[in-house]
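Single-letter residue listing:
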Amino acid sequence: MKSYGLYLAVLMLGMNVQASYPQQTPVVEGQEEGLFLHTVERGQTVYSISLMYGVDDEEIYRLNPSSREVIKAGEALKIPQKEHSGEKVDDEEVYVYHTIQSGETLYGVSRQYGLLAEDLSDANRGLTPQTFAAGKTIRIPSMKIRSLPVTQTKTVVREMKYKIRRKETMYSICRQFNVTSEELVAYNPQLKSGLKAGMELTIPVRTEEVVTEIPEQKELDIAELISFRRKIEQTDAARIIMLLPFHKPDAGTPLDARVIEFYEGFLMAVDSMRNSGMTIELYVENIGNDAGTARKALENIEIEHADLIIGGMTDEQIELIADYAERNEIKYVVPFSSRCERLTMENPSVFQVNTLPQNLYSYLAPRIRSLFPRHRIILLNTNDNDAKKHFINVLKADLNDSHIPFAEVTYQEKTFQTDMLGAMSSTEPNLIIPCSGSLDALLKIKGTLRSIIETKPEYAVTLFGHPEWQSYVKDCLDDFYALDARFYAPSYMNATTPEAKQFTDKYTTLYRKPLPPSSPKYAVLGFDMGMYFLTVVRTYGRNFDNYVQLHRNSSIQSGFRFERVNNWGGFLNTNLYIVHFNKKDYTIHREE
């Protein structure tokens, strides 16, 4: 394999870088013909569900009119069943979908569709005893060769009765029916005493017949069926493939300095794990910025039993790598892109690190309720174009379902303080949530809110904001402390913690340059990602996907909390931090 050693970092770290069958869809009780029911999971949107089943989101809106505003976890949506002939389309398997009914078993569903239980398990790699439950959806393969009845021509032996006539001999009978004397005696032991006229014999007659055989299957418990996938194989060795766009082909200029920083941080994680006794083989390929270079890099890979592939930048590159990973049963981590949701929905090998914010709102709403159970909640509309409309709709639906009252205030400069005092409580703490994450929105409201708490101490205020607030900390730190502010973010690094300081010092010494001030910091992302995935490979083996939802790892900046998107797809990172600027002791806490 062609290798790329970048900088002196590799030498300094002591690394070796080397680089058809027609099938009818039964109508299940409780669902309409041509439709099936999907139970909404946390983090799902109408768009992600449409990608999951390959249907148009407008069809989902048409069948479920209320979904245009908001969908809630536990809600059942009608989804159109895609029509198909049972034949593969563009070499891709075609599926129908089945909503599991109460009391159904894996064996029962497999027989209903004329398949083996193993077929369903293979088509739903995320299937567990917990996810094979009433209301959950599984996909049904339209064709599995091993499940089909086997039709072939065979020589069949049948028995017939024959009465011996006068003057017939063993020789004449054997010649007449094309059997040997040994076979004839075996079927008729009485012939050992001699052949006599009038004796009735059993004659084996061979004929060529077309025979259809249905494979035998036993009723397997789902836990038994998938137990082979759940075996923990701890290891102190790992093979990692990195496919990154370091520079354009035949050019020395880096495509993106952030990719170099990410790689440098990842090397620091590898060095840390090697110092703890783990053997790591790291193979690196430059894939430039086009699909052709990525394809050539994949053709150069000659590694057997790799544990992990990390990389890809463009949509085309990511799709190529994801397909390669699935074919070779290698886990694939997409480190940068948040636009690969379709692949994540259908490819069980994919781990999508960067998740779109709208996929996290349904995780955030219940956390807000849990963190602020006694607060008077006020939603503040600042009339910004970048308002978090989807987040506000999800939060409102969650509060209404939980029977928690909330107030809504629209910002008007002249009457803002009066309007806020009218909505706030003087006997309970107040949680104020601006509907926008922009700096303009924050600047509009922070002065007035500080004036209220400074002149009217009976009003307790917590200001709750959005990930964009990370960029405003330097200019608004005093305001954040005064307003006991919090904001949510998928990643956050507190530069004052001992871990952050240690990393920063080591990075600066090792690479002889300061850690870039931007946020998020790609070197820290590379380090955190390396520590997380090398740890899960070490702890659970190359089939760590069966346990990754249980694994938690400390990090400096980027957290990882992976959940499988459905019974057949990959994993989304649902990590969400709450960053708290504590007014009591002027400290910053990152709450998991």
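Residues numbered from 1 in each chain as written. Predicted model: local features only at pLDDT ≥ 70, side-chain atom pairs only at ≥ 80, totals over all residues. Heavy atoms only, no water.

1. Observations regarding the pattern of salt bridges
Defined as follows: Counted as salt bridges are all cases of a side-chain nitrogen of Lys or Arg within 4 Å of a carboxyl oxygen of Asp or Glu. Each helix is a run of H or I in the DSSP string that is no shorter than four residues. Each strand is a run of E no shorter than two, and both are numbered from the N terminus. Think of it in three bands: residues with accessible area under 20% of the maximum for their type are buried, residues over 50% are exposed, and the middle band is partly exposed, with areas taken using a 1.4 Å probe on protein chains only.
Summed over all chains, the structure comprises 28 salt bridges. The salt bridge partner of D384 is K444, with a shortest N-O separation of 3.7 Å. Here K444 lies in helix α16 (residues 439-455) and D384 lies in the loop between β12 (376-381) and α14 (389-401), a separation of 60 residues in the sequence. Overall, the relative accessible area of 16% leaves D384 in the buried class. When salt bridges with common partners are traced through the structure, they connect K446, R450, E454 and D479 into a single cluster.

2. Side note on the sheet that holds strand β10 (residues 331-334)
Keep this limit in mind: Only strands that DSSP links by at least two bridges are regarded as paired with each other. To get an axis, fit a line to the C-alpha atoms, keeping to the stretch in contact for a helix; angles then go from 0 to 180 degrees between the N-to-C directions. Pairs of residues are marked as contacts when any of their non-hydrogen atoms sit within 4.5 Å.
The strand order across the open sheet built from seven strands is β8-β7-β9-β10-β11-β18-β17, with neighbouring strands paired in mixed fashion. Two strands lie at the open edges of the sheet, namely β8 (279-286) and β17 (562-564), each paired on one side alone. Strand after strand, the sheet turns through a mean of 20° between neighbouring axes, direction not considered. Bridge analysis of β17 against strand β18 (residues 571-573) gives three bridges, and the strand direction is antiparallel. When the bridges of β18 are listed, E563 appears paired with L572. Where helix α11 (residues 315-327) meets the sheet, its contacts fall on β7 (237-244), β9 (308-311), β10 and β11 (350-352), and the angle it forms with β10 comes to roughly 160°.

3. Section: unusual backbone geometry
Residue P520 is reached from S519 by a cis peptide bond, and omega for that bond is 0°. Inspection of the secondary structure assignment puts P520 in the loop between α18 (498-511) and α19 (522-540). With a phi close to 70°, K167 is a non-glycine residue in the positive phi region. Within the fold, K167 resides in the loop between β5 (150-163) and α6 (170-177). For K167, a relative accessible area of 83% translates into the label exposed. Located in the positive-phi region is E329, a residue other than glycine, with phi close to 55°. Assignment of secondary structure puts E329 in the loop between α11 and β10.

4. Topic: empty space enclosed by the protein
Our working rule: Space inside and on the surface of the protein is sampled on a 1 Å grid over the protein atoms alone, with a cavity defined as a set of points where a 1.4 Å probe fits but cannot get out and a pocket as an open set with protein on both sides within 12 Å along at least 5 of 7 lines; lining residues have an atom within 4 Å of a point. Grid points are joined across faces, edges and corners, and a volume is the space filled by probe spheres set on the points. Classification convention: Asp, Glu, Lys, Arg as charged; Ala, Val, Leu, Ile, Met, Phe, Trp, Tyr, Cys, Pro as nonpolar; all other residues, Gly among them, as polar.
Of the volumes computed, that of the largest cavity is approximately 90 Å³. Lining the largest cavity are 14 residues, and of these Q44, I71, S362, H390 and V394 lie nearest its centre. The set of elements that each furnish at least two residues to the lining of the largest cavity consists of α13 (361-371) and α14. Considered class by class, the residues forming the lining of the largest cavity number six nonpolar, five polar and three charged.

5. Regarding the environment of N573
For clarity, the threshold we go by: For the purposes of these results, a polar contact is taken to be a pair of N or O atoms within 3.5 Å, where, inside protein, one atom must be able to donate a hydrogen and its partner to accept one; residues adjacent in sequence count only when each atom of the pair is a side-chain atom.
Mapped onto the secondary structure, N573 falls in strand β18. For N573, a relative accessible area of 6% translates into the label buried. Taking the C-alpha atoms as reference points, N573 and L360, separated by 213 residues in sequence, lie 9.1 Å from one another. If we skip the residues at most four places from it in the chain, N573 touches Q352, V353, T355, L360, G559, F560, R561 and F562. A distance of 3.2 Å separates the side chain of N573 from the backbone nitrogen of N575, its partner in a polar contact.

6. Considerations on the pairing of strand β20 (residues 587-591)
Judged from the five bridges that link them, strand β19 (residues 577-582) and β20 form a sheet pairing that is antiparallel. Note on β20: the bridge partner recorded for I578 is E591. Linking β19 back to β20 in an antiparallel pair, the connection comprises four residues, with Y586 at a positive phi of about 55°.

7. Looking at the confidence of the model for the protein
Detailed reading of the predicted coordinates is not advisable wherever pLDDT is low. Our working rule: What pLDDT reports is the predictor's confidence in each residue, on a scale of 0 through 100.
Looking at the protein, pLDDT values average 87 and 87% of them are 70 or higher. The low-confidence segment residues 1-30 (pLDDT under 50) makes 89 contacts with residues lying over four places distant or belonging to another chain. Note on residues 84-89: pLDDT under 50 across the span, and 19 contacts to partners over four residues away in sequence or across chains.

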